[in-house]
Amino acid sequence: MAHRLLVRRIWTLSVKEICCHPASTATTASSSFSTSLQSATTRVSFLSPSRSLPRSLPHTSCRAVSFNVQDHEDFTERVINSELPVLVDFHAQWCGPCKILGPRLEKAVAKQKGRVAMAKVDIDDHTDLAIEYGVSAVPTVIAMRGGDVVDHFVGIKDDDELDSFVSKVIGQ
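Residues numbered from 1 in each chain as written. Predicted model: local features only at pLDDT ≥ 70, side-chain atom pairs only at ≥ 80, totals over all residues. Heavy atoms only, no water.

Going by what an unreviewed UniProt entry lists, the chain is known as Thioredoxin, mitochondrial and is assigned to Seriola lalandi dorsalis. Within the UniProt record for the chain, the comment given under Sequence similarities (unreviewed entry) is "Belongs to the thioredoxin family." (UniProt positions renumbered as here; feature names shortened; annotations may be inferred.)

As structure tokens, then:
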């Protein structure tokens, strides 16, 4: 994950640098980073307006449909302080039913197209969060809105029940 973030940050900075400089400056800047056999001018011409990336691509949020909670601070920032309702999936790697429920829950959340987020908490890694929220069995899913627990369930549910649960959480 850290590798992906680093690559994304370098790519974003590189594209901004090339787009913000005139062609002569961009040629100089990119030639200092040249490590391939390709000339710097060829590389800049690849990014010239005639061959630039399409501007019609939709800008999507960096926030994914679901995310893994890293620590208590991350949980506070991304779940408790979230403006969106958040479903918190307490699971474990060794739990068979968790492996069945996880993808189903992600699909139900994805159907809502950004109106709800999903946090995944591994109870073996974050025992403190599991204890704090009274998780005694996995899988347990807790729905939170504005930092407050609004609903929960324990165990597996079918797709229709999950869709209904998610819709109820977002207020539909």
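This is not the end of the story, as more comes after the structure.
Right, let's get into the nonpolar core. Phe75, Val79, Val88 and Phe90 are the most contacted members of the largest nonpolar core, which totals 21 residues. Of all the secondary structure elements, the ones that give two or more residues to this core are helix H4 (72–80), strand S2 (86–91), strand S3 (117–122), helix H6 (127–132) and strand S4 (140–145). Leave out the neighbours within four places in its chain, and Phe90 touches Val121, Ile123, Leu129, Ala130, Tyr133, Val135, Val138, Pro139, Thr140 and Ile142. In terms of nonpolar packing, the next biggest core, distinct from the first, is built from 15 residues, Leu87, Ala143, Val169 and Ile170 among them. (Core = buried A, V, L, I, M, F, W, Y, C linked by side-chain atoms within 4.5 Å. Buried < 20%, exposed > 50% of the residue type's maximum accessible area, 1.4 Å probe, protein only. Helix = DSSP H or I, 4+ residues; strand = E, 2+ residues; numbered from the N terminus. Contact = heavy atoms within 4.5 Å.)

So, on to the packing of aromatic side chains. Applying the stated criterion across every chain yields a total of three aromatic pairs. Ring centres 6.4 Å apart and planes at 35° place the aromatic pair Phe90 and Tyr133 in the tilted group. Residue Phe90 is located in strand S2, and its partner Tyr133 is located in the loop between H6 and S4; the two are separated by 43 residues in the primary sequence. Under the relative-accessibility criterion, Phe90 is labelled buried at 0%. Ring centres 4.9 Å apart and planes at 90° place the aromatic pair Phe153 and Phe165 in the edge-to-face group. Placement of the pair is Phe153 in strand S5 (residues 148–154) and Phe165 in helix H7 (residues 159–170), with a sequence separation of 12 residues. (Phe/Tyr/Trp six-rings, centres within 6.5 Å; stacked < 30°, edge-to-face > 60°.)

The final tally for this structure, using the stated rule, is one disulfide. Paired through a disulfide, Cys95 and Cys98 show a sulfur-sulfur distance of 2.4 Å. Because the sign of the S-S torsion sets the handedness, a value of about 80° for the bond joining Cys95 and Cys98 places this disulfide among the right-handed ones. (Disulfide = S-S within 2.5 Å.)

Let's shift gears to the pattern of salt bridges. Per the stated rule, a full pass over the model turns up five salt bridges. Taking the shortest distance from any N to any O, the salt bridge between Arg78 and Asp74 comes out at 3.6 Å. Placement of the pair is Arg78 and Asp74 together in helix H4, with a separation of four residues, close to one helical turn. A salt bridge links Lys111 to Asp163, with the shortest nitrogen-to-oxygen separation between them at 3.0 Å. Of the two residues, Lys111 is situated in the loop between helix H5 (96–110) and S3 and Asp163 in helix H7; the sequence distance between them amounts to 52 residues. For Lys111, a relative accessible area of 45% puts it in the partly exposed group. (Salt bridge = Lys/Arg side-chain N within 4 Å of Asp/Glu carboxyl O.)

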